[in-house]
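Chain by chain, the residues:
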Amino acid sequence: MAKTIMIVDDSASMRQLVSFALKDAGYDVIDAINGKDALSKLNGVKIEAVITDLNMPEMDGIEFIKNVRSTSGFRFTPIFMLTTESQESKKQEGKQAGASGWIVKPFKPEQLTDLVKKFAK
Amino acid sequence: MKIPDMQTAYFRYVSPINGIIALVLLPMALTSFVDPKTERTISAAVFYIAAIIAAGVVINIYVGRLNKKHEESKRSIMADVEQRIGAVTAHLYDRAQIIPVLTGQLNEVTEQTETAALDMGARFMSIVERARGQAAKASGSFSRFAGNGNGDRGSVIDLSREALSGAIGSLGEMADVTSRTLNEMKIIIDDAGNIKKIVSDIEYIAEQVNMLALNAAIEAARAGEHGRGFSIVADEVRKLSDRSHSAADEMRKLILKVESDTKDVYSKTEKIAADSRSKFSGAEAVVRDTLKKIDTMMNEAKTQFDELGGETASLARDISGIVVSMQFQDITRQRLEHVIGPLLLFKTELEDVQQRVKDISDKMRVGEGYGDASWLENMYTMESERSLMRKTLTKDHGQEAVATGL
């Protein structure tokens, strides 16, 4: 059975292409349009890793990660920030919120899948 | 910088001089009643007073005219300033109204490019999936046709190869059987020759027996009555000899016919065998050549299929790369958002500036050219001056002056 990865991004085209890369690597994908939507989809689902954007309406990536880390069963789930932000301060903010890794757009599919394979064992 | 008007200048400079002159002349006028000698002095004082009053009147008239002229000039300047401010605020308003149009355009561009990116992504993914599906289908068809290369039998090519090999084997077996048949027939022909020799021997024996029987009959006749019984035996022996000779003759004919027929069949069979061997050799060469060609074609086809699979995988990778390159759409969208946000902020600031300019213009209009009159009020030292200023402003502008707190 394929492992499931959650992708959280307000951009439909980004969700589409990340899903494409992950499905191509053999993963199942659940997507969400922002942090709030993603939290509502976590219940009762076994998720191996989460890939989230930073800047999103309603609930941004940092707030989402904090919520995930306080959710039972997701304290140690790998969470990767996928964003155009490259400021060190933002990285630190994400790390302090509980992010496991950081991928800056634009990225190659191998970067994404290698990172997911490395963490989502 | 605030410039004091002519009325202010009068109150500041002319009124105090009049006051000083009055303070000097008043004691002089009072003392003239005590001393009659000072009548001329009083007359002179009256004259001075009259002259001073006249001068004051003239100065007041002059100052009034200057003041009026100055007010007209100020109104003209204020009107010009107000007109310019109006133009500036109108310009600011126009520019501020353009910003939502620009941001609307940018938002629409973002939405359209997002929709286009989604559509392109979906189409590219569809191409990849179809290419992979076609490659897998073609590979499956080829495997069923040519085998999967793992030694598993059952493909069309394997079955054809076995059938052809079986047919060639059958032809070979037939040639072997024919060859063995020819050998057997040769033996029969040789046996027929041997039988002919035996028949000759039988004929020779029969002739000798016949000669013996004839001699015995001659000797029996010579013996007379005593030889009669022997004569009968000799006759029977001669009859047996004749029958032996006759049987041998029949046998010779039969053997000759068998030999002839066998040789005929042998000849025909040998011809067929030679023909079969020739055809077998030709067919075997053709089949082997055909199988070799099939193997070559299959290898080429397999190579081409492998290349097709590689090309398909490469195509899928390239298209995946294209799809991933489309994340620049998201980057562009965010950069546009970073333009739209400041533009909207800029609009708010423009509107704020416009409002501030308008407020200044309103305040200036309220002062009918005096603007913010608090500086003038602060400058006045006498309540009468301040009272006059308030009275004037209140009379001219009524509720507006009250509204500004003056």
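All values reported here derive from a predicted model rather than from experimental measurement. (Residues numbered from 1 in each chain as written. Chains lettered and ligands numbered in written order. Predicted model: local features only at pLDDT ≥ 70, side-chain atom pairs only at ≥ 80, totals over all residues. Heavy atoms only, no water.)

**Structural notes on the interface of chain A and chain B**
How big an interface is tends to be stated in terms of the accessible area lost upon association of its parts.
Then, number 1: On the chain B side, the residues contacting the 17 residues of chain A number 19 residues.
Then, number 2: With both chains or domains summed, chain A and chain B bury close to 1,600 Å², and 59% of this area falls on carbon and sulfur atoms.
Then, number 3: The largest share of the area that chain A buries against chain B comes from Gln-16, Leu-17 and Phe-20 of chain A, three residues that together contribute 37% of it.
Then, number 4: The interface formed by chain A and chain B contains three salt bridges.
Then, number 5: Close ionic contact of Lys-105 of chain A with Asp-330 of chain B constitutes a salt bridge, the shortest N to O distance being 2.3 Å.
Then, number 6: The biggest single contributor to the side of chain A that touches chain B is helix α1 (residues 12–24) of chain A, with seven residues.
Then, number 7: Residues of the side of chain A that touches chain B, tallied by class, amount to seven nonpolar, five polar and five charged. (Contact = heavy atoms within 4.5 Å. Buried area = accessible area lost by both parts, 1.4 Å probe. Salt bridge = Lys/Arg side-chain N within 4 Å of Asp/Glu carboxyl O. Helix = DSSP H or I, 4+ residues; strand = E, 2+ residues; numbered from the N terminus. Nonpolar A, V, L, I, M, F, W, Y, C, P; charged D, E, K, R; others polar.)

**Describing the pairing of strand β3 (residues 49–52) of chain A**
Every regular strand shows the same layout, with side chains that alternate between the two sheet faces.
Residues and elements named next belong to chain A.
Then, number 1: What you see with β3 is no split at all: Ala-49 and Ile-51 on one side and Val-50 and Thr-52 on the other are buried throughout.
Then, number 2: Of the pairings in the sheet, the one linking strand β1 (residues 4–8) to β3 comprises four bridges and is parallel in character. Considered in β3, the bridge of Met-6 is made with Val-50.
Then, number 3: Pairing of β3 with strand β4 (residues 79–83) involves three bridges; the strand directions are parallel. Residue pairing in the sheet places Val-50 in a bridge with Ile-79 of β4. (Buried < 20%, exposed > 50% of the residue type's maximum accessible area, 1.4 Å probe, protein only. Pairing = 2+ DSSP bridges.)

**Observations regarding a nonpolar patch on the surface**
Then, number 1: Together, Ile-49, Ile-53, Val-57 and Ile-61 of chain B line one region of the surface with nonpolar side chains, adding up to about 330 Å² of accessible area.
Then, number 2: Inspection of the secondary structure assignment puts Ile-61 of chain B in helix α2 (residues 39–146). (Patch = residues over 30% accessible without salt bridge, like charges linked within 9 Å, V, L, I, M, F, W, Y side chains within 5 Å. Areas by Shrake-Rupley, 256 points an atom, 1.4 Å probe, with all protein chains shown as cover.)

**Observations regarding the nonpolar core**
Side chains that are nonpolar tend, in soluble globular proteins, to be buried together.
All names here are of chain A.
Then, number 1: Within the largest apolar cluster, 20 residues are counted, with the highest numbers of intra-cluster contacts made by Met-6, Val-8, Val-50, Phe-64 and Met-81.
Then, number 2: Of all the elements in the fold, those that place two or more residues in this core are β1, α3 (61–69) and β4.
Then, number 3: Top contributing element to this core by residue count: α3, with four residues.
Then, number 4: In contact with Met-81, other than residues within four places in its own chain, are Thr-52, Asp-53, Leu-54, Ile-62, Ile-65, Ala-99, Gly-101, Trp-102 and Ile-103.
Then, number 5: Among the nonpolar cores identified, the runner-up in size contains 19 residues, and Leu-17, Phe-80, Phe-107 and Leu-112 belong to it. (Core = buried A, V, L, I, M, F, W, Y, C linked by side-chain atoms within 4.5 Å.)

**Details of the sheet that holds β1 of chain A**
The strands making up a sheet associate through hydrogen bonds between their backbones, and the pairing can be parallel or antiparallel.
All names here are of chain A.
Then, number 1: With parallel pairing, five strands are arranged side by side in an open sheet as β2-β1-β3-β4-β5. Looking at the sheet topology across the chains shown, the edges are occupied by β2 (28–32) and β5 (101–104). Here the average twist between neighbouring strands, direction ignored, is 20°.
Then, number 2: Pairing analysis gives four bridges linking β4 to β5, with the strands arranged parallel. Counted as the bridge partner of Leu-82 is Ile-103 from β5.
Then, number 3: The sheet contacts of helix α5 (residues 109–119) involve β1, β3, β4 and β5, and relative to β4 the element is tilted by about 165°. (Axes fitted to C-alpha atoms, helices over the stretch in contact; angles between N-to-C directions.)

**Concerning α5 of chain A**
Then, number 1: Along α5 of chain A, the positions that sit buried rather than exposed are Pro-109, Leu-112, Thr-113, Leu-115 and Val-116 of chain A. Buried residues of α5 of chain A, viewed axially, fall in a sector of 160°; they line one side. (Arc of directions from axis to C-beta.)

**A closer look at the packing of α1 of chain A against α5 of chain A**
Residue and element names in this part refer to chain A.
Then, number 1: Here α1 crosses α5 at 60°, and the two axes come no closer than 10 Å. Comparing their axes, α5 and α1 come out oblique. α1 and α5 meet at a crossing whose hand is right-handed. Contacts between α1 and α5 involve Val-18, Ala-21 and Leu-22 from the former and Pro-109, Leu-112, Thr-113 and Val-116 from the latter.
Then, number 2: Of the residues contributing to the contact of α1 with α5, the split by class is six nonpolar, one polar and no charged. (Parallel < 35°, antiparallel > 145°, perpendicular 65-115°, else oblique. Left-handed = near helix turned anticlockwise from the far one by under 90°.)

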